[in-house]
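Okay, here's what each chain looks like letter by letter:
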Amino acid sequence: SEATAVGIDLLQESQVRHLMSRELPIDRREHCMARFKYVQKDIRELTMPMLDGLTRRLLGVHAHEVDHIHAGFPCTTTSIASTQTPARRGFIPHRWPDGTPRSEQARIDDALLNRLSELFIALRALNKDMLLTIEQPENDFFLNLPPVKKLVNEGWHVLRGSHCRAASSNLDKSWQVDSDFPQK
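## Focus: the overall build of the chain
Logical step 1: Check the secondary structure of the chain and you find six helices and four strands.
Logical step 2: Starting at the N terminus, the α and β elements of the chain follow one another as β-α-α-β-α-β-α-β-α-α.
Logical step 3: Counting contacts in the chain only where the partners sit at least 6 residues apart, residues at least 24 apart contribute 60% of the total.
Logical step 4: Summed over its atoms, the accessible surface of the chain is roughly 12,100 Å², and 55% of this surface lies on carbon and sulfur atoms.

## Re the nonpolar core
One broad rule of soluble globular proteins: the nonpolar side chains tend to lie buried together.
Logical step 1: Core analysis: the largest hydrophobic core is formed by 27 residues, its most contacted members being Ile 69, Phe 120, Leu 123 and Leu 132.
Logical step 2: Of all the secondary-structure elements, those providing two or more residues to this core are helix 3 (48-59), strand 3 (68-72), helix 4 (104-126) and helix 5 (146-153).
Logical step 3: Here this core takes seven residues from helix 4, the largest share from any one element.

## Thoughts on the confidence of the model for the chain
Logical step 1: Summarising the model, the chain shows a mean pLDDT of 82, and 77% of its residues fall at 70 or more.
Logical step 2: When mean pLDDT is compared element by element in the chain, helix 3 scores highest at 97, while helix 6 (residues 169-175) scores lowest at 52.
Logical step 3: In the model, residues 180-184 has pLDDT below 50 throughout and makes eleven contacts with residues more than four positions away in sequence or in other chains.

## Things to note about the packing of aromatic side chains
Logical step 1: Scanning all chains against the criterion turns up two aromatic pairs.
Logical step 2: Aromatic pair Phe 120 and Trp 156: ring centres 5.9 Å apart, planes at 10°, arrangement stacked. One end of the pair, Phe 120, is in helix 4; the other, Trp 156, is in the loop between helix 5 and helix 6, and 36 residues separate them in sequence. For the pair Phe 120 and Trp 156, a shared accessibility class is recorded, and that class is buried.
Logical step 3: Directly above the aromatic system of Trp 96 lies the positively charged group of Arg 102, at a separation of 4.2 Å from the ring centroid.
Logical step 4: When the ring centre of Trp 156 is taken as origin, the NZ or CZ atom of Arg 124, which lies over that ring, is 5.1 Å away.

## Considerations on the environment of Met 48
Logical step 1: Relative to the elements of secondary structure, Met 48 occurs in helix 3.
Logical step 2: Once the C-alpha coordinates of Met 48 and Ala 122 are considered, the two residues, 74 residues apart in sequence, prove to be 7.6 Å apart.
Logical step 3: Setting aside chain neighbours within four positions, we find Met 48 in contact with Ala 63, Leu 119, Ala 122, Leu 123 and Leu 126.

## Topic: a nonpolar patch on the surface
Logical step 1: Taken together, Leu 143, Val 152 and Val 158 make up a surface patch of nonpolar side chains, about 210 Å² in accessible area.
Logical step 2: Within the secondary structure, Leu 143 sits in the loop between strand 4 (131-135) and helix 5.
Logical step 3: Of the residues examined, Leu 143 reaches a relative accessible area of 39% and is grouped as partly exposed.

## Considering helix 4
Logical step 1: An ideal rise of 1.5 Å per residue puts 33 Å on 23 residues; helix 4 measures up with 34 Å between its terminal C-alpha atoms.
Logical step 2: Buried within helix 4 we find Ala 106, Asp 109, Asp 110, Leu 112, Leu 113, Leu 116, Ser 117, Leu 119, Phe 120, Ile 121 and Leu 123.
Logical step 3: On its buried face, helix 4 sits against helix 3, strand 3, strand 4 and helix 5.

## Quick word on the pattern of salt bridges
Logical step 1: Under the counting rule described, the total for this entry stands at seven salt bridges.
Logical step 2: Between Arg 56 and Asp 52 there is a salt bridge; the shortest N-O distance is 3.3 Å. You can see Arg 56 and its partner Asp 52 sitting in helix 3, four residues apart, about one turn around the helix.
Logical step 3: A salt bridge links Arg 107 to Glu 104; the nearest nitrogen and oxygen atoms lie 3.3 Å apart. Of this pair, Arg 107 and Glu 104 both sit in helix 4, three residues apart, which is roughly one turn of the helix.

## Remarks on the side chain of Arg 95
Logical step 1: Along the polypeptide, Arg 95 turns up in the loop between strand 3 and helix 4.
Logical step 2: Of the polar contacts made by the side chain of Arg 95, one reaches the backbone oxygen of Thr 77; its length is 2.8 Å.
Logical step 3: Here Asp 110 takes part through its side chain, which lies 2.5 Å from a polar atom of the side chain of Arg 95.
Logical step 4: Ignoring any residue separated from it by four or fewer positions in sequence, one finds Arg 95 in contact with Thr 77, Thr 78, Thr 100, Pro 101, Arg 102, Ala 106, Asp 110, Phe 141 and Leu 145.

How each quantity is defined
- Residues numbered from 1 in each chain as written.
- Predicted model: local features only at pLDDT ≥ 70, side-chain atom pairs only at ≥ 80, totals over all residues.
- Heavy atoms only, no water.
- Helix = DSSP H or I, 4+ residues; strand = E, 2+ residues; numbered from the N terminus.
- Contact = heavy atoms within 4.5 Å.
- Areas by Shrake-Rupley, 256 points an atom, 1.4 Å probe, with all protein chains shown as cover.
- Core = buried A, V, L, I, M, F, W, Y, C linked by side-chain atoms within 4.5 Å.
- Buried < 20%, exposed > 50% of the residue type's maximum accessible area, 1.4 Å probe, protein only.
- pLDDT = per-residue confidence, 0-100.
- Phe/Tyr/Trp six-rings, centres within 6.5 Å; stacked < 30°, edge-to-face > 60°.
- Lys NZ or Arg CZ within 6 Å of the ring centre and 35° of its normal.
- Patch = residues over 30% accessible without salt bridge, like charges linked within 9 Å, V, L, I, M, F, W, Y side chains within 5 Å.
- Salt bridge = Lys/Arg side-chain N within 4 Å of Asp/Glu carboxyl O.
- Expected span 1.5 Å × (residues − 1).
- Polar contact = N/O pair within 3.5 Å; in protein donor to acceptor, adjacent residues only side chain to side chain.

Below, the structure written as structure tokens:
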């Protein structure tokens, strides 16, 4: 494939490229990394005009003309795995049982999710055929978060799956149940 990918994150580009290259097959690593473009930016500050400017500059098309936009939402404040940490170790949950933010980090993550939902709703209004996805750890309150409710009210579908079972290509090989339907 000759697809081009654009990454947007807070991390340094060298760190992102290192993390990505570890997941790519050695025989295709150089070719894939040459087609990856990166922008270091806080997505909470990203507006539709800014996103459109980025895609026009890096890909030569408007944001709504991109085939697929995927957001990997941070799991620190929403994963049920962290709620399993014993209180005696000083763990303070990031959320109340109904999903409302309890920590400052949860409020920051919710602002990011809100921005993502606003961008995705705007993109969908311009192009109903583009694929827009947000990855999120499975939990019972995710559907109750206001930005997610907004997406569901707009007609979005929520699919449940296990990210942790297939977090990397190596794990995918060892945990795969059915080779025709990968976990991720």
